[in-house]
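# Observations on chain architecture
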Amino acid sequence: MSHPSFSSRVHHERISAILGIALGVAFGVCFATGLLSHAAQTPIPWFPWPSRPAWLYRVTQGVHVFSGLASIPLLLGKLWAVYPHLWRRPPLRGVAHAVERAALVPLVGGSVFLLITGITNIDLWYPYQFFFTTAHYWTAWITAGALVVHVGAAATVTAGALRDREATAPSTAAGLDRRRFLLAIAAAGGAVVLTTVGSAVTPLGRLAVLAPRRPGVGPQGLPVNHQASDVGVPDARVDPDYRLRVRGRVARPVELSLQELRDRPAHEAELPIACVEGWSYSARWRGISLRDLLDEAGADPRRGVAVHSLQTRGPYAGARIDAAHAHDPDTLLALEVNGEPLHLDHGFPLRLIAPNSPGVMQTKWVTEVEAL
Amino acid sequence: MQAPRYGRLFWVLLPVGGLLMAWGLVGLLRQSSSTVPASWLRWLLGGLLAHDLLLAPAVFAVGLAVRRLPAALQPPARTALIVSGTLALMTVPLLLGYGRATQPGNVSLLPGNYPANLALVIATVWAAAGAWSLLTLARRRNGRHRPG
């Protein structure tokens, strides 16, 4: 007797072809936006990340995280459709088949790995020993390579399955016919996005009931990734010796006390904080112009800067800012957000805020700008 | 069973994909202090095996159980199971809430009451499935009374 569900209409080449294409598109988008995020954080000489448009990273990283989440039902549906192949006899039929099956280990293992690590990262849960960012990044290359091999192996079958007219005939039996199975997978993807995307699309914030962040929740109504206490920031509110120093390759080093910073002409900009974890919000920032400060110090406008923080722990105690971002007229060392002095957890006394830049590079508690 | 068909495309894409995989693997091994390959491999194979040996058989078992339902109720029930199962899987880390413990006092981190939120979302899904079932049953009953 054959397994009833294994002969069900869901385990069918046409379903597996359609879901494969959908998953390939979703993973392709995820991979491309992930590479963009990598380029935004790790300067690539031949691919400079621009400082404009200001909202670009907010969109690309939102697309990265939410297309990744929407891939959960696509991947599970696809694996369900092809599951009987796992147990088919004989397990290997020739060299090409052996190669195809071997590539499924990095393909399926890598896909599951990317989704699990991505989800646990946005939920700030780290049950593994590796550092999320590097492991996720290199696994994406391995999975992409395995996907390319798989596309080559499955192209003929997929093209044939998509031409299969008979497969579009409606089913009258119980259970889910092919069309309904695909609709159920699409509904699951829609439900996933609907209950999370509000953490980036602020008007949908009230729907983000299954998201690890919500707009409006946090000090001054803005989410915080790392609190001051979490990264060892001394409380600068009581430190009269706080200074902002502009040093490095400058003609005239500058040193400013908090009062001197406040007395300088203020600039304002409406800019998003866009976290690598997908959530984002826009705020009105007010502070001093980094470009003006660098001009005053006599820094080379064609070169970038390194920004250093008071924080003593964590991988983001500083950031290298390329020339385009350092000299953008909207890049601020902000003293205020939405009309209030920065909360300590938002980087008091001074935080960097640059257009089109990942949140991890918007260094908080800035104490030194080093011209490079 | 028909033999798999491997066109020229397979042999063209094989070295391309192989190169990408090699690039990823070399990068992973070169940064082994942060990628910790032993832990990485455990999670990669662990995820694969967890799907193939636990999740897929569990779904299969649930699928068998659903076969006992009247035919008209099966599509709504299966659809609701797919949607709510996906949402529940995605929400596991939020339900466990370990992320919140990484930064005590950060109120913006995992701010929701996730067990209640998930229950509400799943209840909505099943309410929709219930409405769908009633609609199907009503349509069948009308169809039976219709002269023909």
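Residues numbered from 1 in each chain as written. Chains lettered and ligands numbered in written order. Predicted model: local features only at pLDDT ≥ 70, side-chain atom pairs only at ≥ 80, totals over all residues.

### A look at the overall build of chain B
- A count of helical and extended segments in chain B gives 6 helices and 0 strands.
- The secondary structure elements of chain B, listed N-terminal to C-terminal, are α-α-α-α-α-α.
- Scaling as 2.2 N^0.38, a compact globule of 148 residues should have a C-alpha radius of gyration of about 15 Å, whereas chain B reaches 24 Å, well beyond that.
- For chain B, the spread of C-alpha atoms along the principal axes amounts to about 75 × 60 × 25 Å.
- A total of 148 residues make up chain B; the buried ones form 29% of that total. (Helix = DSSP H or I, 4+ residues; strand = E, 2+ residues; numbered from the N terminus. Rg over C-alpha atoms; globule rule 2.2 N^0.38 Å. Buried ≥ 20, exposed ≤ 12 C-beta atoms within 10 Å, placed from the backbone.)

### Considering the overall build of chain A
- Across its full length, chain A carries 8 helices and 10 strands.
- With the C-alpha coordinates aligned to their principal axes, the bounding extent of chain A is approximately 85 × 45 × 35 Å.
- Per-residue burial for chain A yields a buried fraction of 49% across its 372 residues.
- The contacts of chain A with a sequence gap of at least 6 include a subset with a gap of at least 24, amounting to 72%. (Contact = placed C-beta atoms within 7 Å.)

### Description of the interface of chain B and chain A
- Across the contact, 70 residues belong to chain B and 70 residues belong to chain A.
- Those elements that place two or more of their residues in the side of chain B that touches chain A are helix H1 (8–30), helix H2 (32–35), helix H3 (37–66), helix H4 (74–96), helix H5 (98–102) and helix H6 (114–145) of chain B.
- When residues of the side of chain B that touches chain A are assigned to their parent elements, the largest contribution, 16 residues, is made by H1 of chain B.
- Taken together, the residues of the side of chain B that touches chain A break down into 43 nonpolar, 24 polar and 3 charged. (Nonpolar A, V, L, I, M, F, W, Y, C, P; charged D, E, K, R; others polar.)

### Quick look at the nonpolar core
- Within the largest apolar cluster, 94 residues are counted, with the highest numbers of intra-cluster contacts made by Leu19, Val192 and Leu210 of chain A together with Val83 and Leu87 of chain B.
- Residues from two domains meet in this core; each of domain 1 (5–194) and domain 2 (221–371) of chain A gives at least three.
- Setting aside chain neighbours within four positions, we find leucine 210 of chain A in contact with Thr195 and Thr196 of chain A together with Leu87, Met90, Thr91, Leu94, Tyr114, Asn117, Leu118 and Val121 of chain B. (Core = buried A, V, L, I, M, F, W, Y, C linked by C-beta atoms within 7 Å. Domains from an automatic or database assignment.)

### Overview of helix H3 (residues 95–122) of chain A
All names here are of chain A.
- The terminal C-alpha atoms of H3 lie 41 Å apart, and with 28 residues this matches the ideal 40 Å at 1.5 Å per residue to within 8%.
- Along H3, the helix axis deviates most sharply at leucine 104, where the bend reaches about 25 degrees; the proline proline 106 sits within four residues downstream.
- Phi turns positive, to about 55 degrees, at leucine 124, one or two residues after H3. (Expected span 1.5 Å × (residues − 1). Bend = angle between axes of the 7 residues up to and from the residue.)

### Details of the sheet that holds strand E1 (residues 243–248) of chain A
Residue and element names in this part refer to chain A.
- Overall, mixed pairing links the 5 strands, which are arranged E2-E1-E10-E5-E6 in an open sheet. A single partner strand is all that each edge strand has here, and the edge strands are strand E2 (254–257) and strand E6 (318–321). Ignoring which end each strand starts from, the neighbouring axes of this sheet average 15 degrees apart.
- The sheet strands contacting helix H7 (residues 290–297) are E1, E2 and strand E10 (366–371), and the helix crosses E2 at an angle near 130 degrees. (Pairing = 2+ DSSP bridges. Axes fitted to C-alpha atoms, helices over the stretch in contact; angles between N-to-C directions.)

### Some words on the packing of H3 of chain A against helix H4 (residues 132–163) of chain A
Residue and element names in this part refer to chain A.
- Remark: H3 packs on H4, axes separated minimally by 8 Å, with the N-to-C direction vectors making an angle of 145 degrees. Handedness of the crossing formed by H3 with H4: left-handed. Two secondary-structure elements touch here, H3 through Glu100, Ala103, Pro106, Leu107, Gly110, Ser111, Phe113, Leu114, Thr117, Gly118 and Asn121 and H4 through Phe132, Ala135, His136, Thr139, Ala140, Ile142, Thr143, Ala146, Leu147, Val149, His150 and Ala153.
- Among the residues forming the contact of H3 with H4, the class breakdown is 13 nonpolar, 9 polar and 1 charged. (Left-handed = near helix turned anticlockwise from the far one by under 90°.)

### Considerations on the domain arrangement of chain A
All names here are of chain A.
- Domains assigned within chain A are domain 1 (5–194) and domain 2 (221–371).
- The straight-line distance from the C-alpha centre of domain 1 to that of domain 2 is 38 Å.
- Each side of the interface is counted separately: domain 1 has 21 residues, and domain 2 has 20 residues.
- Breaking the side of domain 1 that touches domain 2 down by element, the ones donating at least two residues are helix H1 (13–41), helix H2 (56–86) and H3.
- Looking at which element gives the most residues to the side of domain 1 that touches domain 2, the answer is H2, with 8 residues.
- For the side of domain 1 that touches domain 2, the class distribution of residues is 12 nonpolar, 7 polar and 2 charged.

### Side note on the pairing of E1 of chain A
Residue and element names in this part refer to chain A.
- In this sheet, E2 lies alongside E1 in antiparallel orientation, the contact comprising 4 bridges. Bridged to arginine 243 within E2 is serine 257.
- Linkage of E1 to E2, two consecutive antiparallel strands, is achieved through a turn of 5 residues.
- Pairing between E1 and E10: 4 bridges, direction parallel.

### A short note on the packing of H2 of chain A against H4 of chain B
- Where H2 of chain A contacts H4 of chain B, the two axes come as close as 10 Å, and the packing angle between them is 125 degrees. What the angle tells us is that H2 of chain A and H4 of chain B run oblique. Here the hand of the crossing between H2 of chain A and H4 of chain B comes out right-handed. The segment H2 of chain A lies against H4 of chain B, with Leu69, Ile72, Pro73 and Leu76 of chain A engaging Ile82, Thr86, Leu89 and Met90 of chain B.
- Class assignment for the residues of the contact of H2 of chain A with H4 of chain B results in 7 nonpolar, 1 polar and no charged. (Parallel < 35°, antiparallel > 145°, perpendicular 65-115°, else oblique.)

### Some points on the confidence of the model for chain B
- Summary statistics for chain B give a mean pLDDT of 93 and a share of 94% for residues scoring 70 or more.
- Looking at the elements of chain B, mean pLDDT is at its lowest for H5 of chain B, recorded as 91, and at its highest for H2 of chain B, recorded as 98. (pLDDT = per-residue confidence, 0-100.)

### Focus: the environment of phenylalanine 66 of chain A
All names here are of chain A.
- Here phenylalanine 66 lies in helix H2.
- Exposure remark for phenylalanine 66: the 21 C-beta atoms within 10 Å place this residue in the buried category.
- For the pair phenylalanine 66 and proline 43, spaced 23 residues apart in sequence, the C-alpha separation works out to 25 Å.
- The contact partners of phenylalanine 66, leaving out residues within four places of it in the chain, are Val193, Thr196, Val197 and Gly278.

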